[in-house]
Amino acid sequence: MVNEQITAAVASLRKGNVIAFPTETVYGLGADISHPKAIQKIFDIKGRPPDHPLIVHFAKSAELEFWAENIPTTALMLAKHFWPGPLTLILPKSRHIPLSVTGGQDTVGLRVPSHPVALRLLEELGGYKAIAAPSANRFGFVSPTSADHVKKEFGDRIDIILDGGSCEVGLESTIVSCIDNEVAILRPGGISVLSIENVLKQKIFVRSHGNSIRAPGSLTSHYATTTPLEICHGESLFLRSSILLQQGIRTAVIVRSVREDFVQDANNKLHCVFMPNDPVRFGRDLYATLRRLDNENFQQILVEAPPDNLEWLAIADRLNRASYSFYK
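Predicted model, so just to flag it, every value in this text is computed and none were measured. (Residues numbered from 1 in each chain as written. Predicted model: local features only at pLDDT ≥ 70, side-chain atom pairs only at ≥ 80, totals over all residues. Heavy atoms only, no water.)

Peer 1: What should I look at first to understand the overall build of the protein chain in this one?
Peer 2: The helix and strand inventory of the protein chain stands at 12 helices and 14 strands. By the compact-globule yardstick of 20 Å for 328 residues, the protein chain fits well, its C-alpha radius of gyration being 20 Å. With respect to the three principal axes, the spread of C-alpha positions in the protein chain is 60 × 45 × 35 Å. Taking all 328 residues of the protein chain together, 55% fall into the buried category. Counting only contacts in the protein chain whose residues sit at least 6 apart along the sequence, the fraction spanning at least 24 positions is 67%. Accessible area for the protein chain stands at about 14400 Å²; split by element, carbon and sulfur atoms hold 50% of it. The positive charge centre, built from 34 side chains, and the negative charge centre, built from 34, are 4 Å apart in the protein chain. (Helix = DSSP H or I, 4+ residues; strand = E, 2+ residues; numbered from the N terminus. Rg over C-alpha atoms; globule rule 2.2 N^0.38 Å. Buried < 20%, exposed > 50% of the residue type's maximum accessible area, 1.4 Å probe, protein only. Contact = heavy atoms within 4.5 Å. Areas by Shrake-Rupley, 256 points an atom, 1.4 Å probe, with all protein chains shown as cover. Lys, Arg positive; Asp, Glu negative; His and termini not counted. Charge placed at Lys NZ, Arg CZ, Asp CG, Glu CD.)

Peer 1: Looking at this structure, I do not really get the packing of aromatic side chains. What am I missing?
Peer 2: The relation between two aromatic rings is expressed through the spacing of the ring centres and the mutual angle of the planes. Under the defined criterion, the tally for this structure stands at six aromatic pairs. Judged by centre distance (5.3 Å) and plane angle (70°), the ring pair of F282 and W312 falls under edge-to-face. Of this pair, F282 sits in helix 10 (residues 279–294) while W312 sits in the loop between strand 14 (300–304) and helix 11 (313–322), placing them 30 residues apart in sequence. Here a set of aromatic residues connected by ring pairs shows up, and it is made of F58, F66, W67, W83 and Y128. In this arrangement the basic side chain of R138 is found over the ring face of F141, its NZ or CZ atom lying 4.2 Å from the centre. The residue whose ring lies beneath R256 is W312, and the NZ or CZ to ring-centre distance is 5.7 Å. (Phe/Tyr/Trp six-rings, centres within 6.5 Å; stacked < 30°, edge-to-face > 60°. Lys NZ or Arg CZ within 6 Å of the ring centre and 35° of its normal.)

Peer 1: Help me out: how do you make sense of the sheet that holds strand 12 (residues 251–255) in this one?
Peer 2: Whether parallel or antiparallel, the strands of a sheet pair through hydrogen bonds between backbone atoms. Across the sheet, which stays open at both edges, the four strands sit in the order 11-14-12-13 with parallel pairing between neighbours. Because the sheet does not close on itself, it has two edges, and the strands there are strand 11 (229–232) and strand 13 (270–274). Direction aside, the axes of adjacent strands within the sheet are offset by 20° on average. (Pairing = 2+ DSSP bridges. Axes fitted to C-alpha atoms, helices over the stretch in contact; angles between N-to-C directions.)

Structural data, given as structure tokens:
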């Protein structure tokens, strides 16, 4: 059945349709890069600004030189070590990449995903073919980590939704810029900063703000829930939840481990979600948890602030952007 679905998805892509497909990070909303009208459909379906670039997905690391130019040694090292996997490299684009995909920039985000369904889809699409894809959700909101999330988000607006189960990583790829002889992380994600530094044997800048290159998911407000989301540090989490409870505001609280000072309120005004106190498992569960709480008619979501270290950097990044509208 999976083979038949992938064959049908490839046929749909070749006709210029938009499909949804799983990756190890999140589900993507994809179009054949050679179909300009299909690329435009992605922006229309998502409500995505035309200057916000898409990521180009292809099947084999050996094809990197087809999609990019002037590739530095550092990029080749990272591709060799982390592809297939949750790493996006920002490089000078080749003539095979249309400006509609890059938001008008001369740089492009490139990735070889590791999800078996995504790889088989790209392989069947053919050599030197690629799928341009952002996450399969409304622009600026929580990314999908299951086919059901995509279906609830877009319904029949997408021709085919390939179901590859729940995403293993659950957070978007790490975006690394390799432009102008500098390596910098523009978006933390599924590959840690420490892992990248260990491969390159050098310190890496994290520049998710104030960078001249526009990268996916780097806006100040992004990954947002419909329900207002607030980050609380230390004891302020319990105090804030108590105040909201006294005000009669239906509140969900996300904490990293079972804490004695939190119990589920008998009137269901305060609801606790105990997440793993481990950044990998926390990241895998985060978006699914936020989507579930968004659908349960809470009036406020409180999240315990993650630890201030590199292992939790990607999670802190997503929560800070998701909560931006609350603090604005």
